[in-house]
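Overview (structure and organization)
Spelled out, the chains give:
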Amino acid sequence: MEPILLKAEHEKNSRALTTYLNRGGYSALKKALIMNPEDIREEVKKSGLRGRGGAGFPTGVKWGFVPQDSPKPKYLICNADESEPGTFKDRKLIHTDPHMLIEGIIISSYAINAYTAYIYIRGEFYEEAQILEKAIAEAYKKHYLGKNILKTGYDLDVYVHRGAGAYICGEETALMESIEGKRGQPRVKPPFPAVVGLFGCPTVINNVETLACVPHIIERGADWFASIGRPRNTGPKLFCVSGHVNRPGVYELPLGVTYREIIEEHCGGVRDGKKLKGFIPGGSSAPVLPASAIDIKADFDSVAEAGSMFGSGALIVLDETTDMVWLLENLLTFYTHESCGQCTPCREGGHWALEIVRRIRRGYGRPEDLETLERISRFASQGMTLCPLGDAFCGPITGVLKHFRGEFEAAIAKAKPLPKKKLPVLPVRSGRGTFGM
Amino acid sequence: MSVAHTQPLTMAPPELLREVHFDDEMETKISELLKRYPTKQAALLPVLWLCQEKWGWLSSGVLKAIADRLDLSPAFVEGVTTFYTMYHTEPTGKYLVQVCTTLSCQLCGASGLVEHLKERFGIDFGETTPDGRFTLLGVQCLGACGEGPVVQINNDYYTRLTVETLDQILDELPE
Ligand SMILES: Cc1cc2nc3c(=O)[nH]c(=O)nc-3n(C[C@H](O)[C@H](O)[C@H](O)COP(=O)(O)O)c2cc1C
Ligand code: SF4
Ligand code: FES
């Protein structure tokens, strides 16, 4: 496939406005601004574009939920929080081609009649925030932003809003709370953001990569976009590959390539000639799949059928030496650290699960532990919590227990009896904002 | 691997931050930020960033001044500040060394870096060296997993590190 989103990857000065214009940049905007917003929404719907932020919701359909007769202002938010472990594509896009993202934001804002857009970027991405600020300033200067854009009468302001270290702010409603100046705690849904979102107004929130696809759909048409990939899973996708591979990195490939092709052809296979043990197909909250699943297609529907989640397209490769008990402990450490604390199953369940896995790993497992882990993951997932972070920490549990249960059973079979002396208790976690882990 | 260019942070001494007033320059910046949002409260995160960049950390005096300026209660401002891990309510070292300890970086050897740093600095996570030069933190995924292991020093990312390259970077940091 010809590169689309990463076309400028090897170009010198690829971030500058001049080079973007040389690549044909902002011509989609000119085309869009003489179209009817409704026709843009239709075109995006027809392209089959599904959200690249994790949930895979059809973008055009989401835009259609915004009540156009509402007297309130409408907002567009670009989600550049990129915090799901394993994901690093939005950073790459911003480094390579910030104007492509900005063009996507302008067209998308116009399509939903928004006059203000915010880019919410994670606090650690300091350099990336500066890259965006610079590109936005260039765009204002050339009248792609601001009042009366390209003399069409359309006005749009775009602002960068930096987060400050909280994974949960990638969740759409927590993110809105964070822009409003509050703690990032997810809201009860419904109402959905399309109706009651930022500052109580209709809001569309999309991922960086989703918005970067929009100029291409307008420029080359929905049919062209839909011809890439597979039915219901259309378009190019940025795959983030990390872990035990020879060439980790971001690869732009059509949806529906097989994991074998990604791992063996593009990434040069498993590192140090080792054998593949398994892989996490969609960011760390996606249940792990065993090596035997390597021939499944990398797209939303195929991965769901295989019992995992395509998520953000982040592939974490695990070689034969990976200790699955250790892996689960690592991931649970992440998710318990990031719980916002509003729901008991997520706040407490995560900690209990982590304590159990730690105990197993230290050689004090008990036969009933695995059942308890499964019970916790039943209690904390599938709608039992306010936001999907509950599901996110249960994904790793169900995945390893389904495919690598033997490792846990072996650890428990070898377990020592609990010592008479009490085991050291985990240090009480001081609240967010203080140092330490 | 990138070449060291990180500049040291300066931490305002606590005496200076007991009671804080914004000067004209800060006022101008705050007014600019307020124009971006329909509510005053929404400027809270950017104003916290602004103050942390100016003074290095956020004392209760700073939080109080922000609360006054944005018509919020100091308790609310503190609640928000401490929710986010990147706002510091105590002074840190000149260099905030943050090692990613999440899965992909661990698969590429992050724990070796952690051990080495703890030994080199003689401190644990969350502590600062006695000379006030380094604060060591273990952090969660930094969003650069393909280039692991990753360490962030102040605002800069350093990637694909080994113990040797990390040592070289630390040695070259300016006074
Ligand atoms: C805990 C959690 C974390 C999330 N983190 C991100 C993120 O970092 N970036 C992102 O784009 N979407 C993230 N999402 C998904 C967003 O809530 C939202 O669905 C997405 O931004 C919508 O954009 P899309 O339709 O373009 O995919 C997260 C969701 C949850 C539940
Ligand atoms: S599931 Fe967890 S992160 Fe989500 S709202 Fe509940 S406590 Fe917060
Ligand atoms: S796991 Fe270290 S940067 Fe993502």
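Residues numbered from 1 in each chain as written. Chains lettered and ligands numbered in written order. Predicted model: local features only at pLDDT ≥ 70, side-chain atom pairs only at ≥ 80, totals over all residues. Heavy atoms only, no water.

To continue, consider the overall build of chain B. For chain B, the count of helices and strands is 7 helices and 4 strands. For the C-alpha atoms alone, the extent of chain B along its principal axes is close to 50 × 35 × 25 Å. Taken as a whole, chain B presents about 7,500 Å² of accessible surface, with 50% of it coming from carbon and sulfur. Averaging the coordinates of the 13 positive side-chain charges in chain B and doing the same for the 24 negative ones gives two points 7 Å apart. (Helix = DSSP H or I, 4+ residues; strand = E, 2+ residues; numbered from the N terminus. Areas by Shrake-Rupley, 256 points an atom, 1.4 Å probe, with all protein chains shown as cover. Lys, Arg positive; Asp, Glu negative; His and termini not counted. Charge placed at Lys NZ, Arg CZ, Asp CG, Glu CD.)

Residues and elements named next belong to chain A. The interhelical angle for the contact between helix α5 (residues 89-96) and helix α6 (residues 98-111), taken along N-to-C directions, is 100 degrees, at an axis separation of 5 Å. Taken together, α5 and α6 sit at an angle that is classed as roughly perpendicular. Contact with α5, carried on its side by L93, I94 and T96, involves P98, M100 and L101 of α6 and no other residues of that element. (Axes fitted to C-alpha atoms, helices over the stretch in contact; angles between N-to-C directions. Parallel < 35°, antiparallel > 145°, perpendicular 65-115°, else oblique. Contact = heavy atoms within 4.5 Å.)

Our focus in this paragraph is the environment of A:H337. Residue and element names in this part refer to chain A. As for its placement among the helices and strands, H337 is situated in helix α13 (residues 324-338). Among the residues examined, H337 registers a relative accessible area of 19% and is labelled buried. Sequence separation between H337 and A166 is 171 residues; the distance between their C-alpha atoms is 9.3 Å. (Buried < 20%, exposed > 50% of the residue type's maximum accessible area, 1.4 Å probe, protein only.)

All names here are of chain A. Read across the sheet, 4 strands follow the order β3-β2-β1-β4 without closing on themselves; strand pairing throughout is parallel. If you trace the sheet from one side to the other, it starts and ends with β3 (157-162) and β4 (203-207), each paired once. When strand polarity is set aside, the average angle formed by the axes of neighbouring strands in this sheet is 20 degrees. Pairing geometry for strand β1 (residues 75-80) and β4, over 5 bridges, is parallel. Bridged to Y75 within β4 is T203. (Pairing = 2+ DSSP bridges.)

Residues and elements named next belong to chain A. Split by domain assignment, chain A resolves into domain 1 (17-227), domain 2 (233-319) and domain 3 (324-413). If you average the C-alpha positions of domain 1 and of domain 2, the two centres end up 27 Å apart. Across the contact, 20 residues belong to domain 1 and 22 residues belong to domain 2. For the pairing of domain 1 and domain 2, the buried interface totals around 1,600 Å² over both sides, and the portion due to carbon and sulfur atoms is 60%. Taken as a group, R50, R52 and F88 account for 32% of the area that domain 1 buries against domain 2, more than any other trio of residues on that side. Our enumeration of links across domain 1 and domain 2 arrives at 2 salt bridges. For E209, the salt bridge goes to K237, with nearest N and O atoms at 2.8 Å. Taken together, the links from domain 1 to domain 2 amount to 11 residue pairs in polar contact (both at pLDDT 80 or more). Elements represented by at least two residues in the side of domain 1 that touches domain 2 include exactly α5 and α10 (222-226). Among the elements that take part in the side of domain 1 that touches domain 2, α5 stands out by supplying 3 residues, more than any other. Grouping the constituent residues of the side of domain 1 that touches domain 2 by class yields 6 nonpolar, 8 polar and 6 charged. (Domains from an automatic or database assignment. Buried area = accessible area lost by both parts, 1.4 Å probe. Salt bridge = Lys/Arg side-chain N within 4 Å of Asp/Glu carboxyl O. Polar contact = N/O pair within 3.5 Å; in protein donor to acceptor, adjacent residues only side chain to side chain. Nonpolar A, V, L, I, M, F, W, Y, C, P; charged D, E, K, R; others polar.)

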